[in-house]
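An overview of the molecular structure
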Amino acid sequence: MSDLSFTPTSSIFEKREALLEEWTPEELVGRDNELQRYHAALQPVINNESPSNIFLYGKSGVGKTAATRYLLNALKRDAADVPELDLHTIEINCDGLNSSYQAAVALVNELRDPAKQISNTGYPQASVYQFLFEELNEVGGTVLIVLDEVDHIQDDSLLYKLPRARSNGDVTEAKLGVIGISNDLDFRNQLSSKVRSSLCEKEVSFSAYDAQELQLVLRQRDSVAFKEGVLDDGVVQMCAAYGAKDSGDARQALDLLLEAGDLAREYNDDLVTEAHVREARQRLQTDQVVEGIRNYSDHGQLVLYALTLLAERDETPARTKDILAAYQQVANENGMDPVSLRSVRDYLGELDQLGIISSTEFNRGKGGGKYKEHELEQSVSSVKTGLSEILDATP
């Protein structure tokens, strides 16, 4: 094997971490309208009035969390100049917290000393709420609670209790405001009317970034991240165009620019070019496909595996009935009862929507009838990488 020793290289990046998610810019660009509405919703705090409860929603990667941190940092900075204002903020991410109980425990532990943490089980829910209200009263002043990815909480209890804690007399020593952030555009409509009326006093919708807004975001970061003159003309525009086309997600556009820079460094190139961007996009799409397959249901993976086997035998495009036969065989080999033809059709439809396969419908008239043919849209190697866990378990 050739020498794999590590030596520092610095021909491309000045500060690579400026392209990472955790890097916070001094100014938030491309979100002027959203920031203006959000700022207005937070204005009562600086006036030392009772905070509004605020609900933010929009797809992942459109700046909701970044805007929250940016504005709360500004609010804490300016609150220091208001003598009578005692401001505290608490933020938890609800990903992995499936219930009000778990989220309330997380809030209690965020407020408590490490030596006084409570466990995730063993207490009645009413007791956990009591602990939480006691801690909030102990903190006092004005308290803003940020519940990021709040749509992961599957019951309404906490979302009803917290916004009403002061009016219900549960919290008497603190002015309490709740900021809920959701990636699920329909989450608001799923809330009961009593929760919606209190949690969503003020709403701010974050739209997807367009290509021009993404260029602003990328330009802000590239001026910090890269050495001067290393980005070829068109690189930022291409990353922004791909980002706007794919999802309007700033995170994806930044990941693409970062991967393009990494590729240029890997190849010892002095310039980051559009060719690097195109290859970076291919790599990232492959990674997303692999992750999507790994998170797919077992039977859905087996349907995809059946189609992959047919592809390896040059028997694709394949009709649904042929995929069904191959799927039934691999399901039996894995000791699983095969699902129905209808379910197999549903899985194939979902895989088509995910861009992992492509499906074409044919209508041969009365004699031939209607049927679909399916083939892989991604490479066999990337699909097999995503299927690795289920393949390892296959006899």
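Provided above is the structure to which this section pertains.
Residues numbered from 1 in each chain as written. Predicted model: local features only at pLDDT ≥ 70, side-chain atom pairs only at ≥ 80, totals over all residues. Heavy atoms only, no water.

As a further point, take the overall build of the protein chain. When its secondary structure is counted, the protein chain shows 17 helices and eight strands. Over its C-alpha atoms, taken along the principal directions, the protein chain stretches across nearly 75 × 55 × 50 Å. Looking at the protein chain as a whole, 44% of its 395 residues qualify as buried. Looking at the protein chain as shown, the accessible area adds up to about 20,300 Å², and 43% of this sits on carbon and sulfur atoms. Taking the average location of the 39 positive side-chain charges in the protein chain and that of its 66 negative ones, the two points are 6 Å from each other. (Helix = DSSP H or I, 4+ residues; strand = E, 2+ residues; numbered from the N terminus. Buried < 20%, exposed > 50% of the residue type's maximum accessible area, 1.4 Å probe, protein only. Areas by Shrake-Rupley, 256 points an atom, 1.4 Å probe, with all protein chains shown as cover. Lys, Arg positive; Asp, Glu negative; His and termini not counted. Charge placed at Lys NZ, Arg CZ, Asp CG, Glu CD.)

For the rest of this paragraph, the subject is the pattern of salt bridges. Side-chain pairing between opposite charges can occur once the charged atoms of the two side chains come close. Here the structure, examined in full by the defined rule, presents 17 salt bridges. Of the charged contacts, one joins Arg-219 and Asp-222 as a salt bridge, the two residues approaching to 3.9 Å between their closest N and O atoms. Of this pair, Arg-219 and Asp-222 both sit in helix α8 (residues 211-225), three residues apart, roughly one helical turn. Assessed through its relative accessible area of 40%, Arg-219 is described here as partly exposed. Beyond isolated ion pairs, a larger network of salt bridges with shared partners links Glu-259, Glu-266, Glu-279 and Arg-283. (Salt bridge = Lys/Arg side-chain N within 4 Å of Asp/Glu carboxyl O.)

We now examine the packing of aromatic side chains. Per the stated rule, a full pass over the model turns up seven aromatic pairs. When the centroid spacing of 6.0 Å and the interplanar angle of 80° are considered together, the rings of Tyr-296 and Tyr-347 count as edge-to-face. Note that Tyr-296 is positioned in the loop between α11 (274-294) and α12 (298-312) and Tyr-347 in helix α14 (residues 341-353), a separation of 51 residues in sequence. The exposure classification of Tyr-296 matches that of Tyr-347, with both residues buried. Clustering of aromatic rings is evident, with ring pairs tying together Phe-55, Tyr-57 and Phe-187. Geometry around Phe-131 places Arg-112 over its ring, the cationic atom sitting 5.0 Å from the centre. Looking at Arg-319, its charged tip hangs above the ring of Tyr-371, at a distance of 3.7 Å from the centre. (Phe/Tyr/Trp six-rings, centres within 6.5 Å; stacked < 30°, edge-to-face > 60°. Lys NZ or Arg CZ within 6 Å of the ring centre and 35° of its normal.)

Attention now moves to the packing of helix α1 (residues 32-46) against helix α2 (residues 64-79). At a minimum axis separation of 11 Å, α1 and α2 run at an interaxial angle of 35°. When you trace α1 past α2, the crossing you get is right-handed. Across the interface between the two elements, Leu-35, Tyr-38, His-39, Leu-42, Val-45 and Ile-46 from α1 touch Ala-67, Thr-68, Tyr-70, Leu-71, Leu-72, Leu-75, Asp-78 and Ala-79 from α2. Here the residues of the contact of α1 with α2 sort into 11 nonpolar, two polar and one charged. (Axes fitted to C-alpha atoms, helices over the stretch in contact; angles between N-to-C directions. Left-handed = near helix turned anticlockwise from the far one by under 90°. Contact = heavy atoms within 4.5 Å. Nonpolar A, V, L, I, M, F, W, Y, C, P; charged D, E, K, R; others polar.)

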